[in-house]
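# A closer look at the structure
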There are 2 protein chains.
Amino acid sequence: MKNNLIITISREFGSGGREIGEKLAIELGIPYYDKIIIDKTAKETGFCAEFIEKEEQKVTSSLLFNLATNTYTFGNIMSQNYGQSLSDQVFQAEAKVIKSLAAEGSCVIVGRCADYILKNQFPCFNVFICADFDKRCERAVAKYGIAKDDVKDVIKKTDKARIRHNQFYGSQDWGDARNYDVTINSGTVGIDNAVQMLKALIENYN
Amino acid sequence: MKNNLIITISREFGSGGREIGEKLAIELGIPYYDKIIIDKTAKETGFCAEFIEKEEQKVTSSLLFNLATNTYTFGNIMSQNYGQSLSDQVFQAEAKVIKSLAAEGSCVIVGRCADYILKNQFPCFNVFICADFDKRCERAVAKYGIAKDDVKDVIKKTDKARIRHNQFYGSQDWGDARNYDVTINSGTVGIDNAVQMLKALIENYN
């Protein structure tokens, strides 16, 4: 790599985007950030890591949700989080962590709307990994230990949550080629081919 | 390449998809089909090549358009093209030509919903090439000789026509990563990098 570059990887559940990110970071000799973002966000907010992991795929979806989760202030008493849902607080804390990691130099960041958060502020190479539904089901059963009977429902629900999360906090068209430098169908191209292709591209980038 | 493979390239106007297709075909030592599809369709239909070139980006958009262009039959007299607009006739003849070219062996085909036409019938590797609007304007002025004052309008109109054409005759979500094996932003990745990346991928494919 000629210059600092933040490689963001957005991915469909079960497409192997995380594995591609990890392997690519090793090939390029740069840090890979995924779970560490949760740990740092936990420290930043005071929430526990498990809570953040559950909360980060949610969005502020209704007035009732806001009413139920907000810290309200009355009169002259103002709080820093006035009007923010827990999801909003987690998103903003994660965005701060992602920016601080990006400022340290080249790295691979998986998920969490990093492409959107870092846009126009850091040099980014944005990747989207997808795969056909059946391939994702196979992988989710084999790699994540999800029961065969449940896997279709789990993937459909996760897709729905990710699309909503991205529509709310990130770019409007999640998965539209025009929002990324490269997109890869890992089901047809293969995980290792995808890694080698990205490595070659990024080494020639800038 | 290990086995026969039809590489289809869908592309935004001004993204250099055609140049990538031509160069890739040379690198892989396989035929490249673009204008030849028009010539063969002309022979197939009896329409002249210039007419086909204009017609192939259109769609059957309204009842009035149908009424204006259809060959109507009444009573027992039936025509082969009964109920078909000129656009439909051109599309169907092109589809026949594309299938016959694909049947001859590995090749690169640019545009014309070839990904959709060949789906599930031939082994395909489907690529989408895009680029940011400003980059496409630059290229359209430099390479296609479009006047600077006109280029934004020309690109917007061509985008609109291609999206409509693809919605009508091809896949519903033109440019959605999930419809392709790989998509590339040629404006950031570069034309020659894109060619090398695709060559390496396809040589390892199957």
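Structure: see above.
In this text the structure is predicted, and so the values were computed from the model without any measurement.

### Details of the overall build of chain A
Broken down by element type, chain A carries 10 helices and five strands. Scored against the burial criterion, the 206 residues of chain A give a buried share of 52%. Considering only contacts in chain A between residues 6 or more positions apart, those separated by 24 or more positions represent 71%. Accessible surface, chain A: about 10200 Å² in total, of which carbon and sulfur atoms supply 50%.

### Quick look at the nonpolar core
Core analysis: the biggest nonpolar cluster contains 48 residues, and Ile7(A), Phe125(A), Ile7(B) and Phe125(B) have the highest contact counts within it. Here Phe125(A) is in contact with Leu5(A), Ile6(A), Ile7(A), Thr8(A), Asp181(A), Val182(A), Leu198(A), Leu201(A), Ile202(A), Tyr205(A) and Val189(B), once residues within four sequence places are set aside.

### Focus: the interface of chain A and chain B
Taken together, the contacts link 22 residues of chain A with 22 residues of chain B. Both faces combined, the contact of chain A with chain B buries some 1800 Å², and carbon together with sulfur accounts for 51% of it. One can count two salt bridges joining chain A with chain B. Taken together, chain A and chain B are joined by 11 residue pairs in polar contact (both at pLDDT 80 or more). Among the elements of the structure, β4 (124–130), β5 (182–185), α9 (186–189) and α10 (191–203) of chain A are those that each provide at least two residues to the side of chain A that touches chain B. Split into classes, the residues belonging to the side of chain A that touches chain B amount to 12 nonpolar, six polar and four charged.

### Structural notes on the relation of the copies chain A and chain B
Once chain A is rotated about the relating axis by 180° and shifted along it by 0.0 Å, it coincides with chain B to within an RMSD of 0.0 Å. On this basis, the relationship between the two copies can be described by a two-fold rotation axis.

### Describing the pattern of salt bridges
Residue and element names in this part refer to chain A. Per the stated rule, a full pass over the model turns up 28 salt bridges over all chains. In this structure, Lys23 and Asp192 form a salt bridge, with 3.0 Å as the shortest nitrogen-oxygen distance. Linking Lys23 in helix α1 (residues 17–28) with Asp192 in helix α10, this pair joins segments that are 169 residues apart in sequence. Measuring nitrogen to oxygen at the nearest pair gives 2.9 Å for the salt bridge that ties Asp159 to Arg136. Of the two residues, Asp159 sits in helix α8 (residues 151–169) while Arg136 sits in helix α7 (residues 133–144), which places them 23 residues apart along the sequence. By relative accessible area, Asp159 is classed as buried at 14%.

Parameters at a glance
- Residues numbered from 1 in each chain as written.
- Chains lettered and ligands numbered in written order.
- Predicted model: local features only at pLDDT ≥ 70, side-chain atom pairs only at ≥ 80, totals over all residues.
- Heavy atoms only, no water.
- Helix = DSSP H or I, 4+ residues; strand = E, 2+ residues; numbered from the N terminus.
- Buried < 20%, exposed > 50% of the residue type's maximum accessible area, 1.4 Å probe, protein only.
- Contact = heavy atoms within 4.5 Å.
- Areas by Shrake-Rupley, 256 points an atom, 1.4 Å probe, with all protein chains shown as cover.
- Core = buried A, V, L, I, M, F, W, Y, C linked by side-chain atoms within 4.5 Å.
- Buried area = accessible area lost by both parts, 1.4 Å probe.
- Salt bridge = Lys/Arg side-chain N within 4 Å of Asp/Glu carboxyl O.
- Polar contact = N/O pair within 3.5 Å; in protein donor to acceptor, adjacent residues only side chain to side chain.
- Nonpolar A, V, L, I, M, F, W, Y, C, P; charged D, E, K, R; others polar.
- Least-squares fit on C-alpha atoms with pLDDT ≥ 70 in both.

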